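Structural features, examined
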Amino acid sequence: MIDDSKPIFMQIAELIESDIVSGVLAEESQVPSTNEFAAFYRINPATAAKGVNRLVENGLLYKKRGIGMFVAQGARHQLLEARRHQFHEQYIRPLTAEASKLGIGTQELITMIQTSAHTDVNGQGSVIND
Amino acid sequence: MTNAPAIQATNLSKNYKELTALDQVNLALEPNRIYGLLGRNGAGKTTLMSILTGQGFANQGTVKIFGHNPYEHDATLSRMCFIRESQKYPDDFRANQAFKAAALFYENWDEDLARELIEAFRLPVKRRIKKLSRGQLSAVGVIIGLASRAEITFFDEPYLGLDAVARQIFYDRLVEDFATHPRTIVLSSHLIDEVANLLEHVVVIDAGKIVIDEEAESLRGAAVTVTGNAEKVAEFIGSYPVLHRDALGSLASISIRTRLSQAERARAAELGLELSPVSLQQLVVRSAMGTEDNDTSDVNVEAMK
Amino acid sequence: MNRIIKVARMQLINKWTFIGIPLLILGGAFIFTMAIFWLVRRAGGDEAVMYSGGAQAPMWYFLALGIQSLTLTFPFSLAMSVSRRTFYLGTVLLFGISALLLSTFYYLMGLVEQATGGWGLGGRFFALEWVADNNGFVQIMFYFVLMLLLFMIGFWIATIYMRWRTSGMLVFFVALAAILLGTVFYLTLGEKWGQFWAWAITWSAGGVVLWGGAVAILMAGASYLTLRKATA
C-alpha cells in the first residue's frame, strides 16, 4: 500500500508494474481508471494520473480514446529486463553487506543461496514478485 | 479557462490588538487542485480563509479570486463556499432548511449528492441544528461544502467530532466527487496524516506566516531518518540540513531533508545504518518548528496528532 | 433568479418567524382585547368607546425581529456567499413588504371595525381616532413607518453588535442613556416639561409619518454603513 517513503505517483506506477510483472494485469488487458485508483487508494486523482501517465510515457501502457488505459504488448518483458538490472543494487548489495556483518563468508553465502533457490523452485514461491 | 490563479493573496497582514494573526502572507493557488492548509490551532488558518472569502478583513494586502476582489462582489462570492468550523446557523433552522438555503444560493448544488451524504452520515435532518452533536454539526458543513460544488470550496477542520467511519466517508466522497467534478479545494487541517494522501499541494502556516508552500509529491520522501551508531550517522549525514535529532547513548536518530540516491542508500546499508521515511506530518512539524529547540518541537508533535 | 430575492426567500424558509409569529401575536392580542371589552360591557361598563393599545403588540415584535434577523441569519448568509449589500437589501426588502401588507391589513380591519360599531362592542382596537381620522394613505403609512422604525432600530443595534461586539453595545447604550438623561435634565432643570407636552400634543399622524420616516431612513443608512464591515 501507499507509504511515505517516496512520491505517491511513483508508488502507483510501481504497483501497476508489479501487477504487470506478476501477470495480474495481462498484456492488452484494461487497467483501472485513474479515478478508480484514486478512490481505491484514497489519493489525489491528479497524483494517480501522474503515476499512470509515467507508464504511458515508458510505453508500458497505452490509451484507447474514450475507452481507457491498456497494458502494452511486450510490457512484461520490458519490465523484467529493467528489474534484472536493478536486481544487483536492490538485493545482492544489501545481502552481501548483511552477510559480512554476520561473518558469513562468500562460499557459505553461495551454498545458502543454492539451498534456498532449490526449495523455492520446488515450492511455488515466485522469485520476481515483491 | 485560463491558467490565472484561482486565489491570489498578496502581502496579507491581519492584527487583532497585539496579536499578529497573519504576517505578510503571499499565496497563489491554481484552479482545480486540492490544497492542504496545514498548521496548528490558532496558526491563522481560519483567519486566512475568511479574508480570502471576503468574510473577514485584512489590515493590509490584497486578495484576488479569479482576478476579482471578492469583497461585496456577488458574482465572485457565489463561486466560493466557506463553511467555518464554528459556523452559526439561524437558531430555528433544521439541517434540511440549511440545505434548502444552500440550494438557493449555490448554482451547482447537487441535491442527489446531498441526499446520499445525509444518509451516509445518518444526519437527523429534521432536528434543530442547535441541538445537533458536534459531529453532526460538522456533517452539516461537510454536506454543504461538497454538494455546493462551488468552484472554490474551503473545508475548515471539517472532521471535528466526526468518528473514524464518518471521517473516512468524507475523505472518500471528496476524492470521488473531485474526480468527476474537479474544482479548487482548500482543506484546512491539523490532522495531517489523515489528509496527506489527498493533497496535491501543501501550504503550512505557523504563527501567521507561510512556512511551507510546496507540491505534496515533492515533500514525500524528501526527508529521511537515519538511525544507528552516532558516529556513523554523523559521518553519513555530512552537511545535509538536519530537521530533527534524537540520541540514546551511542545510538543516534537524525532526520535530514534530502532525497537519497541509490548509491547513498547502499552506503547506508554498508555502514549498518537504518533508513526510515519521514511522514508528511513529521516533515511539516519539523519544518514549521525549526531545529533550534527540540524539546518544544516534540511537544508540538503531540499537539498536532 | 436575483440574489436579493433569494435572501428574502432564505429569510422565509422558516415561515414562522416572519409571518406566523406576528399573526399569532396580533390574533392573540385581538382575542384577548375583545374578551376584555365583552367582560366590561357585561359588567355594565357604559363608556361610549373603549380603546385598546393591543394592536401595537406585533410592532414590538418587529424590534426583536430586527435584531434576530440579523444576528442569526447574517453569519449564515456570509456562509452562503452572499455579499453584505445583498443580504441587507434582501432582508430590508422582505421586511418592507411584510410591513406594508400588515399596515394595509390594519387599515382594512380599522374600516371593518368602524363599520361594525367596534365589533358590536363599541371597542377600538385597530382604528384609533387620532390615526383613523386621516385618509387611507396616511393611515397605512403611519403603521408602516412605525413598524419600519422599530425594525430598523433593532436592526441597527444588531449591526453594531455584529461589528463591534460587546464594546460596541456598551458604547451605544452609554451614549443613549447620556442623551436621554441629558434631555430629562434639560427639561426638568429648565422647567420645560409643560412646554414639552404642549408641543407633543400638536403632533399629527402625518407629522409622525414624515419625521418617523426620516429617522427610519437615517437608521437604514446607518445600519448599512455599519454592516459593510461587520463580521460573522
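Above: the structure in question.
So, here is what we can say about the structure in this document.

A closer look at the overall build of chain B
Assigned secondary structure in chain B consists of twelve helices and 13 strands. A compact globule built from 305 residues should have a C-alpha radius of gyration of about 19 Å, and chain B, at 22 Å, falls within 12% of that. Dimensions of chain B, computed from C-alpha atoms along their principal axes, come out at roughly 65 × 40 × 40 Å. When the 305 residues of chain B are sorted by exposure, 56% land in the buried category. Nonlocal contacts in chain B, meaning residues at least 24 apart in sequence, comprise 69% of its contacts between residues at least 6 apart. Put simply, chain B shows about 13,000 Å² of open surface, and 48% of that area lies on carbon and sulfur atoms. Averaging the coordinates of the 33 positive side-chain charges in chain B and doing the same for the 40 negative ones gives two points 6 Å apart.

A short note on the interface of chain C and chain B
Each partner contributes residues to the interface: chain C has 28 residues there, and chain B has 30 residues. Where chain C abuts chain B, roughly 2,700 Å² becomes buried across the two surfaces, and 57% of that area is made up of carbon and sulfur atoms. Broken down residue by residue, the surface that chain C buries against chain B is led by Ile-13, Phe-76 and Met-80 of chain C, which jointly contribute 24%. Here chain C is connected to chain B by three salt bridges. In this structure, Asp-74 of chain B engages Arg-85 of chain C in a salt bridge whose closest nitrogen and oxygen atoms are separated by 4.0 Å. The interface formed by chain C and chain B contains 17 residue pairs in polar contact (both at pLDDT 80 or more). Mapped onto the side of chain C that touches chain B, the elements with two or more residues apiece are helix H1 (3-11), helix H4 (73-79) and helix H5 (84-115) of chain C.

Considerations on unusual backbone geometry
All names here are of chain B. The phi dihedral of Phe-66 falls on the positive side, at around 45°, and the residue is not glycine. Here Phe-66 shows up in the loop between strand S4 (60-65) and helix H2 (74-77). Of note in the backbone geometry, Arg-149 takes a positive phi value of approximately 50° without being a glycine. As for its position among the elements, Arg-149 is in the loop between helix H5 (134-148) and strand S6 (152-156).

A short note on the nonpolar core
Phe-99, Leu-123 and Ile-144 of chain B together with Met-80 of chain C are the most contacted members of the largest nonpolar core, which totals 142 residues. Residue contributions to this core peak at 15 residues, all from helix H8 (residues 136-189) of chain C. Formed by 26 residues, the second largest nonpolar core is a distinct cluster that contains Leu-22, Val-25, Leu-37 and Phe-66 of chain B.

Some details on the sheet that holds strand S10 (residues 224-229) of chain B
All names here are of chain B. In spatial order, the strands read S11-S12-S10-S13; together these four strands make up an open sheet with antiparallel pairing. Every other strand in the sheet has two partners, leaving strand S11 (242-248) and strand S13 (274-277) as the edge strands with one partner each. Across the sheet, the mean angle separating the axes of adjacent strands is 15° when strand polarity is ignored. Two elements, S11 and strand S12 (residues 251-256), share six bridges in a ladder whose sense is antiparallel. Note on S12: the bridge partner recorded for His-244 is Ser-255. Across the sheet, helix H9 (residues 230-237) touches S10, S11, S12 and S13, and the angle it forms with S10 is around 140°.

Considering the interface of chain B and chain A
Facing the 23 residues of chain B at the interface are 20 residues of chain A. Across the chain B/chain A interface, buried area totals approximately 1,900 Å², and carbon plus sulfur atoms make up 56% of it. At the junction of chain B and chain A, the tally comes to two salt bridges. Of the charged contacts, one joins Glu-270 of chain B and Arg-93 of chain A as a salt bridge, the two residues approaching to 2.7 Å between their closest N and O atoms. Connecting chain B to chain A are seven residue pairs in polar contact (both at pLDDT 80 or more). Residue assignment for the side of chain B that touches chain A shows that the elements contributing at least two residues are helix H6 (164-180) and helix H10 (262-270) of chain B. Grouping the constituent residues of the side of chain B that touches chain A by class yields eleven nonpolar, six polar and six charged.

The rules we used
Residues numbered from 1 in each chain as written. Chains lettered and ligands numbered in written order. Predicted model: local features only at pLDDT ≥ 70, side-chain atom pairs only at ≥ 80, totals over all residues. Heavy atoms only, no water. Helix = DSSP H or I, 4+ residues; strand = E, 2+ residues; numbered from the N terminus. Rg over C-alpha atoms; globule rule 2.2 N^0.38 Å. Buried < 20%, exposed > 50% of the residue type's maximum accessible area, 1.4 Å probe, protein only. Contact = heavy atoms within 4.5 Å. Areas by Shrake-Rupley, 256 points an atom, 1.4 Å probe, with all protein chains shown as cover. Lys, Arg positive; Asp, Glu negative; His and termini not counted. Charge placed at Lys NZ, Arg CZ, Asp CG, Glu CD. Buried area = accessible area lost by both parts, 1.4 Å probe. Salt bridge = Lys/Arg side-chain N within 4 Å of Asp/Glu carboxyl O. Polar contact = N/O pair within 3.5 Å; in protein donor to acceptor, adjacent residues only side chain to side chain. Core = buried A, V, L, I, M, F, W, Y, C linked by side-chain atoms within 4.5 Å. Pairing = 2+ DSSP bridges. Axes fitted to C-alpha atoms, helices over the stretch in contact; angles between N-to-C directions. Nonpolar A, V, L, I, M, F, W, Y, C, P; charged D, E, K, R; others polar.

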